[in-house]
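Commentary on secondary and tertiary structure
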Amino acid sequence: MGCGTKEPKITQLCLAAIQRLMSHEVVSEAAAGNIINMLWQLMENSLEELKLLQTVLVLLTTNTVVHDEALSKAIVLCFRLHFTKDNITNNTAAATVRQVVTVVFERVVAEDERYKDIIDQPVAVQGNSNRRSVSTLKPCAKDAYMLFQDLCQLVNADAPYWLVGMTEMTRTFGLELLESVLNDFPQVFLQHQEFSFLLKERVCPLVIKLFSPNIKFRQGSSTSSSPAPVEKPYFPICMRLLRVVSVLIKQFYSLLVTECEIFLSLLVKFLDADKPQWLRAVAVESIHRLCVQPQLLRSFCQSYDMKQHSTKVFRDIVNALGSFIQSLFLVPSTGNTSATPNQTGSNASGNTGSAQTNPGVLGMGGGATVLPAFEYRGTWIPILNVTVQGSAKATYLEMLDKVEPPTIPEGYAMSVAFHCLLDLVRGITTMIEGELGDTETVTPTTAETTSLPPQSSEQQDLQSLSDQSEKELVSRAVWEEMVNACWCGLLAALSLLLDASTDEAATENILKAELTMAALCGRLGLVTSRDAFITAICKGSLPPHYALTVLNSTTAALSSKSYSIQGQNVQMISPSSESHQQVVAVGQPLALQPQGTVMLTSKNIQCMRTLLNLAHFHGAVLGTSWQLVLATLQHLVWILGLKPSVGGALKPGRAVEGPSTVLTTAVMTDLPSISSMISKLFENSQYLDDVSLHHLINALCSLSLEAMDMAYGNNKEPSLFAVAKLLETGLVNMRRIEILWRPLTGHLLEKVCQHPNSRMREWGAEALTSLIKAGLTFRHDPPLSQNQRLQLLLLNPLKELSNISHPDIRIKQLECVLQILQSQGDSLGPGWPLVLGVMGAIQSDQGESLIRTAFQCLQLVVTDFLPTMPCTCLQIVVEVAGSFGLHNQELNISLTSIGLLWNISDYFFQRGEIIEKELNREEAMLQKQAEEKGVMLNRPFHPASPFDCLWLCLYAKLGELCVDPRPAVRKSAGQTLFSTIGAHGTLLQHSTWHTVIWKVLFHLLDRVRESSTTADKEKIESGGGNILIHHSRDTAEKQWAETWVLTLAGVARIFNTRRYLLQPLGDFSQAWDVLLDHIQSAALSKNNEVSLAALKSFQEILQIVSPIRDSEKPETPPAINVSVPLVVGTTTATSLGRSFMRTDSIGERIGRYNGSELPVITDEIEDLNLWWAAWNSWYRIGSESTRPPITCDKLTFIPSQPFLTALIQIFPALYQHIKTGFSMDDLQKLGVILHGAVSVPISSDASPFILPSYTEAVLTSLQEAVLTALDVLQKAICVGSESMQIMYPAIFDQLLAFVEFSCKPPQYGQLETKHIANAKYNQAEWVALNYVPFAERSLEVVVDLYQKTACHKAVVTEKVLQNIIKTLRIPLSLKYSCPSESTWKLAVSSLLKVLSIGLPVARQHASSGKFDSMWPELANTFEDFLFTKSTPPDNLSIQEFQKNESIDVEVVQLISTEILPYANFIPKEFVGQIMTMLNKGSIHSQSSSFTEAEIDIRMREEFSKVCFETLLQFSFSNKVTTPQEGYISRMALSVLLKRSQDVLHRYIEDERLSGKCPLPRQQVTEIIFVLKAVSTLIDSLKKTQPENVDASTWAQVIALYPTLVECITCSSSEVCSALKEALVPFKDFMHPPASKVQNGES
């Protein structure tokens, strides 16, 4: 009532009171109606308008009493107030209307809340029946329904049904209200079918109708300025419509599928280039709002794109955005004019290289700061900061107060469109990846978290699997469709933007979008789209127009496929060349013929980083695109000049050729991080699943193949990127190396390592060896020691490298082996054969350094690793070591390898038992396997045990080395072989010795003999380098000789020391024969060294000291050369200046064993056959070597003295064993050899060693040996049986033959020998030996022997004595003419000794006639000696002469004591000869050459006297036992007296004739001697018993007297005194004549 007063004051108070009442909720429904009516009147009177609005608001908001008609009235009231002229009221009313509308709808929501538990049967609403059919609605809902329906009516300019009393209404306000209701209360519309119906029937048609001017309008087509709203789009309505549409699409999409399709199509149309700028801007903003709602986009895709016959809405939206962006670049927008000055400025600044990427750096154009912008072909569009990422904050859609279309700043639309794209990508990918992650039930692999590769969904419960997989299939189809729909447009737009972007941040965003799309496509398995995005990034990374085939081919394929889609013509715009980017690097393109340089801009580097991130985080989904990524990276790395370093990581290196890479400092600082990113990328490959990893490796391999093709035929630096990265990938994936090992190493081995370009090869090898080393050191699970297959897999490529001939590869391979040995040597196990195989694969022709490195490895193995390797590999070690011995590159290596073989053998010896056990175990296994397969077990030396086979392999290897072409190797190998067999042979099983002897030793001897006999006799000048060769080794033949010597000696030693092992073998005698045959052929070889050594071996096998048997072995094994040949006498140095062993006493030799145990010296060879075989060999050697040559020239081979000496020295030992069967024949054979041996001359250059000087009477060792041989024989005969003693005469013959050498040196065939004095040293002449000492020694032996054997039957029968005399007669008759004076003196003394023994024997056997022929020989001998024809030398001193005379005297005394007394037993003729001789001796046999002074001495007075006395003595022997004796004495006397008479007569005659001249001295001497003889005779006659003197003798004596008297006249006083003495005895004849004198009596 108060209000009714219309008094302002009262009205205000009343309204306040009413408001208070209302706020206390004391107003009933009727009261409320009244209040509203009252307010209506106030309104009509325009009183307190603001208070009215306030009151209405309070009334409606406090409770729900106002509804239906009252409510409509209240609302209309507010509307009416809104259209007053007062601005404040206007605005307040507008606000109130909005609030009231909201309240109405809030009531509905509340009502629904209240009733939500009560389910009412929904009443079917007839489709299009009655608009007022709202009977089913509850009261609040009904109000709301009516209100909303009327709003639509009003906007459509129709009369309202419910809001009665509306006077006017604006569309803009109506649209705003509709939008706010739809936006704020979507659930109302979704829950109530009636409301939904309104949407469909009212709102959508309304919107479409209102849109029509916009659709029809083409910018520039209608120029009419008519105000009709239909004609021209009206900004406020258009903008509000778009807002409504946004809400509809956002909230009611599910209800309005078809309608939305129309709306969306309209939106797309609004983007067309011919629409007004503001329209396009608002449309883009609307689209942006959609783009930030991925779920919505997803529904579009499901509802339209995936349905047949439906518009591909989602695709269109994306494509429209793309076209929109393109159009902005292609058609300069009208608003652009304002920006032109700026644009040119920025161009200028770009071209002058200012750093535009950093905003804030002053450009050159007018000093303006450079804005972030896109620039493309002269169109410059700034980038405005429009929204925050991920939210569509619109600018123009919010301009509700603007009536006129605003001017759109330049670049706004572009910026919004750009954000649309980014948000679209971000939304889709986050949504899909989130859902993908859910289905995979593992943390999603997104860019942020790089977790382990997705595991299989085994963890899920099985029941849920089926429905889930179904769901998954559905959603996957949607995802794929979404991506397929949008990727082309996105890619087109993004590529263009990327190319145009000049702002680092924008570029980053674009790249991120491309990256996320690529990753998403990859995850969904959409290969084409994935590759397209990756290609785009790749292209961005490389300089423009860079020729990279991989990329070009991809783009071509794409552009032909899908770039004109459904009329939306999306062209792929070619990149603009005039990029305004800062150039940060200049480098060379990686091409076959690089032309010039290429430049990298900072944007390229940015793209490169994105590419790296892509590969880094999304490697698992790249699949075949790895090819693109890696190819691009390779080119970039090349341009930036990064080179691989250890382990495959890239480091900045210098480019090798062409202009060096130029890098700015900015990039320089970036390089390490780029490099580490590239490395990380490959490190991350460890998280890839196996398939992706294979993709990566395949890509690297094909890249590498390309790089290799490029590197063919030129020696340019190749691109090593692929190889280095293969290495890096391998290294980080060690834990599953098995899956990638074969492709990886296969590629490196077959392709890279065999490449002609050395750098390429080197890296291939580097990569391969690094991988192998890493693989072996990696801690695998299970460890390698338990995973042999893996270990062999890892080592196999190392072995395969051996098939490559390039030395640099092989060096790498060997260095790798060396390092493996040093780090892994102990744990190689089954890998050993491979490792050893690598060393063994080195060929001789592969250069010294290779061989040396390989050998180093081998040395390491032998010194450190033999105990750790399986025993089955030991044989390979032996083989390999042997092969190094045979390499002819480096002698030292060969020699050292032989040393290694010795070390190996030592190791076998020490670890024998362990090795044997292991080998036997292995053997048993192999045997079993072989039996299962039914094949024979095949290994060398099979029947022997495995351990013995190991030894045999070692011996066989050494055997091969023993016939190497190089002498040093042969020598070393030979020594080692025999030392090993000597030192370790005891380990072999007995049966194995058979193989050792036949397969190893004899085989070796055969080869050596063959090589030696065929060796070259050409002189070798020097031993390589500056080494001089000794003349004893200066031909191949001489060098082989040394080998032959060594081998033979070694074999002989083994036969000797291991006799006890060998003899029980079945075929020992054959072996013995073979050995003897070898010794014989060696001994008869025309080489002194070999022949001599052969004899030493012969001596050795005759085993003079027997080896100790096993049972008595001392603890320490005896020295190897235990047995020393028994050499009798000493030996002088041989012609080679090498001495051979001096003998030592047996005691000393035995002492060499072990002091306490004496070896048993037994006859080891019981089997006589062996000895006889030895004798036959000896005989053949002897007879062959001593037989004189038939022809003689310079080159005749004559055996050396040491050889002959050794030969003869063998005989005594040999004889000991065969003496029982030694026959005369054999003795004959021996004699021939001894004689031959002694006759051999010496070469003049050896003579100084053998003949110290001619004057010393020494025997050569050969001569001693010969005598020793005979001595041994005679001693044996001496103790032997009767049958043996018939050999004595033969021995005498032999010795006497030697005695003759003193006067007649033997001839050696036709060879001319010189006396040593005339021989020139150093010329090939032969010198006869001085045989005198030998002959004399032989003579002494003869005498000794004869003294022992004179009475032996054989000696008597065979006329030995006569032979001795006959032989002695030669020197005796020569006497002074003998070569040596000692000879005849010795001959005489020997004769005397022999006769003193022999004559009694001869007398004893006188009757048998066995000695008859001896007597004349003896007589001749005496005659020849006593009255020699040779004259004494002029320089003979008187003392000497007297000595010689005394010898003659001795002979006469022998006659007087030994012969004449036994005249009865001696033939008469002989005695007669003796008498005549004595007679001749008693008269002076002077020699005419003496000077007068010496003549009295020289007359041999002593001798004559003795002769005379002997004559006399035998003239009057006391007892005449036989008439014969008397006859001798008478004959002697008459001879004597007659002789005296003659001499005296001749003297008197001469004296008379000579007158005063004195007679010659000798005549005077003779007469004096005769006179003395007469006086002596008379004395003798007087002393004799008278009956013994014949009367006629006396008569003869007296008859001398007158002759004597006649001599008195002589003038010589000496004669006178002698005459006096002669005459004095005649006084005894002065007897008075007696009457009768009888014969013989006085």
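The structure presented is a predicted model; accordingly, all values stated were derived computationally and were not measured.

Here we come to the overall build of the protein chain. Within the protein chain one finds 61 helices and eleven strands. Counting across all 1642 residues of the protein chain, residues that qualify as buried make up 54%. Residue pairs in contact within the protein chain that sit at least 24 positions apart in sequence constitute 75% of those at least 6 positions apart. Accessible surface, the protein chain as shown: approximately 70,800 Å² in total, 54% of it carbon and sulfur.

Right, let's talk about the packing of helix H52 (residues 1381-1404) against helix H53 (residues 1414-1426) for a bit. One way to put it is that H52 packs onto H53 with a least axis distance of 13 Å and a crossing angle of 150°. Taken as axis vectors, H52 and H53 run roughly antiparallel relative to one another. Handedness of the H52/H53 crossing: left-handed. For the pair H52 and H53, contact is made by Trp1384, Val1388, Leu1391, Leu1395, Leu1399 and Ala1402 and by Met1414, Trp1415, Leu1418, Thr1421, Phe1422 and Phe1425, respectively. Its residues placed into classes, the contact of H52 with H53 shows eleven nonpolar, one polar and no charged.

Evaluation of the coordinates by the stated rule reveals zero disulfides. You can see Cys260 has no disulfide; the closest cysteine sulfur is in Cys204, sitting 7.1 Å from it. On the accessibility criterion, Cys260 (0% relative accessible area) is buried. Cys1616 takes part in no disulfide bond, and the closest cysteine sulfur, belonging to Cys1610, lies 3.7 Å away.

Attention now goes to the packing of aromatic side chains. By the definition in use, this model includes 39 aromatic pairs. Considering the side-chain rings of Phe1211 and Phe1222, the 5.9 Å spacing of their centres and the 55° angle between planes classify their relative orientation as tilted. One end of the pair, Phe1211, is in helix H44 (residues 1201-1218); the other, Phe1222, is in the loop between H44 and helix H45 (1224-1239), with eleven residues separating them in the sequence. Taking relative accessible area as the criterion, Phe1222 reaches 4% and is therefore assigned buried. Taken together, the ring pairs connect Phe105, Tyr145, Phe148, Phe185, Phe189, Phe195 and Phe252 into an aromatic cluster. Stacked on the ring of Tyr115, the Lys or Arg Lys138 has its end atom at 5.2 Å from the ring centre. Sitting over the face of the ring of Tyr1179, Lys1229 holds its NZ or CZ atom 4.8 Å from the ring centroid.

Positive phi values are uncommon outside glycine, yet Lys1359 reaches one of about 55°. Along the chain, Lys1359 turns up in the loop between helix H50 (1353-1357) and helix H51 (1360-1374). A positive phi angle, close to 40°, is found at Lys1375, a residue other than glycine. Tracing the backbone through its elements, the reader meets Lys1375 in the loop between H51 and H52. By relative accessible area, Lys1375 is classed as buried at 3%.

Most of helix H13 (residues 294-305) sits inside the fold, with nine of its twelve residues counted as buried. By the burial criterion, the buried members of H13 are Pro294, Leu296, Leu297, Arg298, Phe300, Cys301, Ser303, Tyr304 and Asp305.

An ideal rise of 1.5 Å per residue puts 18 Å on 13 residues; helix H32 (residues 874-886) measures up with 19 Å between its terminal C-alpha atoms. Among the residues of H32, Leu874, Val877, Val878, Val880, Ala881, Gly882, Phe884 and Gly885 are the ones counted as buried. In this fold, the buried residues of H32 make contact with helix H30 (832-840), helix H31 (848-865), helix H33 (891-910), helix H34 (912-933), helix H35 (946-961) and helix H36 (967-984).

Further remarks concern the packing of H32 against H35. Two quantities define a packed helix pair, namely the angle between the helix axes and the distance between the axes. Running from amino to carboxyl end, H32 crosses H35 at an angle of 5°, the nearest separation of the two axes being 9 Å. The angle between H32 and H35 falls in the class roughly parallel. Mapping the contact onto sequence places Leu874, Gln875, Val878, Glu879, Gly882, Ser883, Gly885 and Leu886 in H32 and Leu950, Cys953, Leu954, Lys957, Glu960 and Leu961 in H35. Classifying every residue of the contact of H32 with H35 gives seven nonpolar, four polar and three charged.

Side chains Thr379 and Ile381 project from strand S2 (residues 379-382) onto one buried face, and the interleaved Trp380 and Pro382 project onto a second face that is buried too. Sheet topology note: the strand S1 (residues 373-376)/S2 ladder contains four bridges and is antiparallel. Paired with Ala373 across the two strands is Pro382, which belongs to S2. With antiparallel pairing between neighbouring strands as the criterion, S1 and S2 make up a hairpin whose turn holds two residues, including Arg377 at a positive phi of roughly 45°.

Once that is clear, we can look at the pattern of salt bridges. One pass over the structure, following the stated rule, counts 32 salt bridges. The partner of Arg240 in a salt bridge is Glu176, and the shortest N-O contact between them spans 2.6 Å. With Arg240 in helix H10 (residues 235-252) and Glu176 in helix H7 (residues 171-184), this residue pair connects regions lying 64 residues apart in the sequence. Comparing Arg240 with Glu176 shows no difference in burial state: the two are buried. Here Asp1271 makes a salt bridge to Lys1275, at a shortest N to O gap of 2.6 Å. Remark: Lys1275 and Asp1271 occur in helix H47 (residues 1261-1279); sequence separation between them is four residues, near one turn of the helix. Through salt bridges with shared partners, a single network forms among Glu1381, Lys1385, Glu1440 and Lys1443.

Glancing now at the environment of Ile605. Among the secondary structure elements, Ile605 is positioned in helix H21 (residues 602-622). Looking at Ile605, the relative accessible area reads 5%, which means it is buried. Residues Ile605 and Asp670, 65 residues apart in the sequence, show an inter-C-alpha distance of 9.2 Å.

On average, residues of the protein chain score 76 in pLDDT, and 78% of them reach the 70 mark or higher. Note that residues 121-132 has pLDDT below 50 and, in this model, 13 contacts with residues that lie over four places away or in other chains. The low-confidence segment residues 1105-1165 (pLDDT under 50) makes 100 contacts with residues lying over four places distant or belonging to another chain.

So, about the side chain of Arg1403. With respect to the helices and strands, Arg1403 occurs in helix H52. The charged side chain of Arg1403 is buried without a salt bridge, its nearest counter-charge being Glu1458 at 4.1 Å. For Arg1403, the side chain forms a polar contact with the main-chain oxygen of Glu1458, separated by 3.2 Å. Beyond its immediate chain neighbours, meaning those up to four positions away, Arg1403 contacts Glu1458, Tyr1462 and Phe1465.

So, about a nonpolar patch on the surface. On the surface, a nonpolar cluster with roughly 360 Å² of combined accessible area is contributed by Tyr1601, Val1605, Ile1608 and Met1630. Within the secondary structure, Tyr1601 is located in helix H60 (residues 1591-1606).

This paragraph deals with the environment of Ala724. Tracing the backbone through its elements, the reader meets Ala724 in helix H25 (residues 721-732). Its relative accessible area of 0% is what places Ala724 among the buried residues. Sequence separation between Ala724 and Glu766 is 42 residues; the distance between their C-alpha atoms is 9.0 Å.

With that settled, the discussion passes to the environment of Val284. With respect to the helices and strands, the residue Val284 is situated in helix H12 (residues 277-291). For the pair Val284 and Phe418, spaced 134 residues apart in sequence, the C-alpha to C-alpha distance is 9.9 Å. With residues near it in sequence (within four places) discarded, Val284 still touches Leu271, Phe324, Ala413, Val416, Ala417 and Cys420.

Analysis parameters
- Residues numbered from 1 in each chain as written.
- Predicted model: local features only at pLDDT ≥ 70, side-chain atom pairs only at ≥ 80, totals over all residues.
- Heavy atoms only, no water.
- Helix = DSSP H or I, 4+ residues; strand = E, 2+ residues; numbered from the N terminus.
- Buried < 20%, exposed > 50% of the residue type's maximum accessible area, 1.4 Å probe, protein only.
- Contact = heavy atoms within 4.5 Å.
- Areas by Shrake-Rupley, 256 points an atom, 1.4 Å probe, with all protein chains shown as cover.
- Axes fitted to C-alpha atoms, helices over the stretch in contact; angles between N-to-C directions.
- Parallel < 35°, antiparallel > 145°, perpendicular 65-115°, else oblique.
- Left-handed = near helix turned anticlockwise from the far one by under 90°.
- Nonpolar A, V, L, I, M, F, W, Y, C, P; charged D, E, K, R; others polar.
- Disulfide = S-S within 2.5 Å.
- Phe/Tyr/Trp six-rings, centres within 6.5 Å; stacked < 30°, edge-to-face > 60°.
- Lys NZ or Arg CZ within 6 Å of the ring centre and 35° of its normal.
- Expected span 1.5 Å × (residues − 1).
- Pairing = 2+ DSSP bridges.
- Salt bridge = Lys/Arg side-chain N within 4 Å of Asp/Glu carboxyl O.
- pLDDT = per-residue confidence, 0-100.
- Lys, Arg positive; Asp, Glu negative; His and termini not counted.
- Polar contact = N/O pair within 3.5 Å; in protein donor to acceptor, adjacent residues only side chain to side chain.
- Patch = residues over 30% accessible without salt bridge, like charges linked within 9 Å, V, L, I, M, F, W, Y side chains within 5 Å.

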